[in-house]
Amino acid sequence: MNIPFFMMAIPAIMAVVAYLVGRWAWVQAVVAASTAAVMGLLALQAPLDQAVAFAGRDLRFVSAWVVLGRSFTFVNDDRPALAFIYLAAMIFFAGAGAVRSGRAPRAFLPMGLATLSLLTATIFVQPFLFAALFIEMIAACAVVMLADDDHRNTRGAMRLLVFVTLSVPFILLAGWQLEGLATSPDDPNLLTRATILLDIGLLILLAIVPFHSWIPTVSDESSPFTAAFVFTVVQAAVMFFMLKFFNQYEWLRDNQAEFLLLRWGGAVMIAAGGATAFAQRRFGRLMGYAVMIDIGAALMAVGLATPDGLRATLAILALRGLALAVWGLGLSWLRLENNSTDFDDLAGRAWQMPFAAMAVIVGGLSLIGFPLTAGFAGRWALYRQLAADEVAFALVLLLASASVTLAYARGLAALFRRPETPEDEPQPSDGPREGQVTIVFLIIGAAAILILGLFPQVLLPAVTRAAEAFQVLTQ
Amino acid sequence: MPTFPELLAQLSFLAATPSAIGALVTAGLLIVFLDWRLSVLALACQFIFAGLLYSQVLPDAPQVAGVKVVVGLLICVQFFVTAQQARRPPAESPPSRSIVPTGLPFRVIAAAMVAVIAWQASLLPELSLPNVSSDVALATFGLLALGLLGLGLTEDPLKAGMFLITALTGFELYYASVEPALAVIGLLAAMDFAVALGACYLAIIRGLPDRSEAG
């Protein structure tokens, strides 16, 4: 069996199945989540280029699929990135069943599965520069997920498509320069041009300021749950793409200016997010700025070029997904009644939807990196690293987190605000309420965040194993 | 009926400077006119001119130029159908606005300026593109620059999609000369399709009537 082909084809086929069973929300969610789970197991356990006995037959898992001179190859170092993507997708797909009645976009699960197929291709494709083309196709799928009948403002989704499209030529041209380097290794111009092109391409792809504008716009205009999926799974794929560059090219990781650029890129991202977050009055937009700060923190951690920094990056990536999933699920329910995430429109809603409000509180605090929540583990590891050499960057991150916390505190105050007159008190029969299954999901998500906040060492083995795939980066 | 290589041979007198200028003019028309019919027509002409230029870039593989034209025309069909769906005027609505936009002088001057800059850039030795003729370099710079200018002038997903495709066509014209592998050309075509589909989807969503209006 050709394992790359199988792992790319199965999610695509299941996307069609999920579309066909779209009428039954839970069946669709189970199909999508179980597909992601099976793919995750395959990513972790599939024996590469070995014959194994399966159902009484000898089965050989071939690790490469060659198409028109290019190949899709599954190597052992791909396992952590694949496992992360599938696990995160499984959480989101399972949660989509709980959002569904809260009007998540109808196309979310079919397009999510199609995205999974393309994400797998980004990991397998060789030369891996061509992953940029698949990331472009992922952006097109994300557009379909982000805008729909209930979320008609298309500005954010369009910006995402435009920025990702604009990044592709730079990355492909960088690849061409690198091919030239193989035949003319003594030409320094090729290396300089490749570095500049690659930097510009990654700058746009990673949504670093000034190419960040789609993040707050998408989080404000689209379904919070779908936006959370894009910020988690798609941005993680982009981050792994960047790490792969550093892993593969010695000249890139030997260039200390590149790591300095990453640190400064992260700092600018954090500063821009922090400078605007405190003035926000909508949970959706606030989520966007919090994500910007989190992406900046992850970039800063990579820029440290230390094993601990790399582990902090992976922890931040993993915990962002959990926080965003819980926050997105809670916010999808809170905004259900008037399709708004404005603090004033959600005033007093915590008394009506206590579990959704709890999810927004716990998920938001984790995204900020608040102590005793899961997000704190990654941030604390980063603060400790920065405190040694880059105190100014640590202060910028701290101030930016405080800025989000300030805006968030105003939002929470609004959520718990009591009506001024007893007549305005919401009645139990007023408006929609979370369903039982949703409540179970919200409680599990919030509990996971709190447990990981109390016992972050649970994550350590997985993060360390994932970091081993990129260990050459820090040598 | 002539085969595609024979057709290209018959049109070879158009394959150099006229095609490059034609591609620039059609990109300029996309910027100047708002009417979707004219825009789709201009884009279709642009793909034909680009196809003729591909026959210069890849003289050994004329069928690739043919595939590029076919893919481009299919993208135009996507845009055409989408525009028809998204822009269908309600029965009682007033007559549609003029095809000439209010900022016409600005658009004409901006498009002309960018086209001139692209032309000058294609002549500069510091910016010369290896492996391609000056005509292809002119089309590459021109399509990229005019596509980016158009993106800055519109918020309409359909038009933005057309400008993205215009910029990508410019890039692909050059990239085909440095990476002529079939797999890459196929992937780039798939990417163009994906961009066009994304833009068309957003145009449809944007054009949906409000629920309150729909009753």
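The preceding data block contains the structure.
In this report, the structure presented in the accompanying data block is examined. (Residues numbered from 1 in each chain as written. Chains lettered and ligands numbered in written order. Predicted model: local features only at pLDDT ≥ 70, side-chain atom pairs only at ≥ 80, totals over all residues.)

## Overview of the overall build of chain A
Then, in step 1: For chain A, the count of helices and strands is 19 helices and five strands.
Then, in step 2: Relative to a compact globule of 475 residues, whose C-alpha radius of gyration would be 23 Å, chain A shows 22 Å and is just as compact.
Then, in step 3: With the C-alpha coordinates of chain A rotated into their principal frame, the extents come out at 80 × 60 × 40 Å.
Then, in step 4: Expressed as a percentage of the 475 residues in chain A, the buried residues total 57%.
Then, in step 5: For chain A, restricting intrachain contacts to residue pairs at least 6 apart in sequence, the fraction spanning at least 24 positions comes to 78%. (Helix = DSSP H or I, 4+ residues; strand = E, 2+ residues; numbered from the N terminus. Rg over C-alpha atoms; globule rule 2.2 N^0.38 Å. Buried ≥ 20, exposed ≤ 12 C-beta atoms within 10 Å, placed from the backbone. Contact = placed C-beta atoms within 7 Å.)

## A closer look at helix 9 (residues 224-248) of chain A
Then, in step 1: In this model helix 9 of chain A runs 35 Å from its N-terminal to its C-terminal C-alpha over 25 residues, within 8% of the 36 Å that 1.5 Å per residue would give.
Then, in step 2: The buried fraction of helix 9 of chain A amounts to 21 of the 25 residues, a majority that puts the element mostly inside the structure. (Expected span 1.5 Å × (residues − 1).)

## A closer look at the nonpolar core
Then, in step 1: Counting residues in each nonpolar core, the largest one holds 253 residues, and the members touching the most others are Ile85, Ile135, Val143 and Leu161 of chain A together with Leu53 of chain B.
Then, in step 2: In terms of residues, this core owes the most to one element, helix 13 (residues 307-334) of chain A, which gives 18 residues.
Then, in step 3: Ignoring sequence-local partners within four residues, the contact set of valine 143 of chain A consists of Ala157, Leu160 and Leu161 of chain A together with Gly198, Tyr201 and Leu202 of chain B. (Core = buried A, V, L, I, M, F, W, Y, C linked by C-beta atoms within 7 Å.)

## Observations concerning helix 18 (residues 436-454) of chain A
Quick reminder: α-helices carry 3.6 residues per turn. Residues three or four places apart thus point the same way.
All names here are of chain A.
Then, in step 1: Over its 19 residues, helix 18 runs 27 Å from end to end, which matches the ideal 27 Å to within 8%, given 1.5 Å per residue.
Then, in step 2: For helix 18, the set of buried residues is Thr438, Phe441, Leu442, Gly445, Ala446, Ile449, Leu452 and Gly453. Mapping the buried residues of helix 18 onto a view down its axis gives an arc of 130°, with all of them on the same face. Across from the buried face of helix 18, at angles greater than 90 degrees, the exposed residues are Gln436, Ala447, Ile451 and Leu454. (Arc of directions from axis to C-beta.)

## Section: the interface of chain B and chain A
Size of an interface: often given as the accessible area lost when the parts come together.
Then, in step 1: If you look at the interface, chain B gives 27 residues, while chain A gives 25 residues.
Then, in step 2: Secondary-structure elements contributing two or more residues to the side of chain B that touches chain A are helix 7 (157-178) and helix 8 (182-207) of chain B.
Then, in step 3: Tallying contributions element by element places helix 8 of chain B first for the side of chain B that touches chain A, with 15 residues.

## Focus on the pairing of strand 1 (residues 51-54) of chain A
All names here are of chain A.
Then, in step 1: Of the pairings in the sheet, the one linking strand 1 to strand 2 (residues 57-60) comprises four bridges and is antiparallel in character. Bridging across to strand 2, alanine 51 finds its partner in arginine 60.
Then, in step 2: The hairpin turn running from strand 1 into strand 2, its antiparallel successor, is two residues long, and alanine 55 in that turn takes a positive phi close to 55°. (Pairing = 2+ DSSP bridges.)

## Notes on the packing of helix 12 (residues 283-303) of chain A against helix 17 (residues 391-415) of chain A
Residues and elements named next belong to chain A.
Then, in step 1: At a minimum axis distance of 11 Å, the contact between helix 12 and helix 17 shows a crossing angle of 165°. What the angle tells us is that helix 12 and helix 17 run roughly antiparallel. You can see that helix 12 and helix 17 cross each other, and the crossing is left-handed. Residues Phe283, Leu286, Tyr289, Ala290, Ile293, Ala297 and Met300 of helix 12 touch helix 17, and the partners they reach there are Phe393, Leu397, Ala400, Ser401, Val404, Ala407, Tyr408 and Gly411.
Then, in step 2: Per-class residue counts for the contact of helix 12 with helix 17 are 13 nonpolar, two polar and no charged. (Axes fitted to C-alpha atoms, helices over the stretch in contact; angles between N-to-C directions. Parallel < 35°, antiparallel > 145°, perpendicular 65-115°, else oblique. Left-handed = near helix turned anticlockwise from the far one by under 90°. Nonpolar A, V, L, I, M, F, W, Y, C, P; charged D, E, K, R; others polar.)

## Description of the environment of proline 157 of chain B
Then, in step 1: You can see proline 157 of chain B is positioned in helix 7.
Then, in step 2: For proline 157 of chain B, a count of 29 C-beta atoms within 10 Å puts it in the buried group.
Then, in step 3: Sequence-wise, proline 157 of chain B and glycine 198 of chain B are 41 residues apart; in three dimensions their C-alpha atoms are separated by 8.8 Å.
Then, in step 4: Not counting chain neighbours up to four residues away, the residues in contact with proline 157 of chain B comprise Thr154 and Met158 of chain A together with Ala199, Leu202, Ala203 and Arg206 of chain B.

## Focus: the packing of helix 1 (residues 3-20) of chain A against helix 4 (residues 108-124) of chain A
Residues and elements named next belong to chain A.
Then, in step 1: Remark: helix 1 packs on helix 4, axes separated minimally by 7 Å, with the N-to-C direction vectors making an angle of 170°. As the angle between them shows, helix 1 and helix 4 are arranged roughly antiparallel. Mapping the contact onto sequence places Pro4, Met7, Met8, Pro11, Ala12, Met14, Ala15, Ala18 and Tyr19 in helix 1 and Leu109, Pro110, Leu113, Ala114, Leu116, Ser117, Thr120, Ala121 and Phe124 in helix 4.
Then, in step 2: Class assignment for the residues of the contact of helix 1 with helix 4 results in 16 nonpolar, two polar and no charged.

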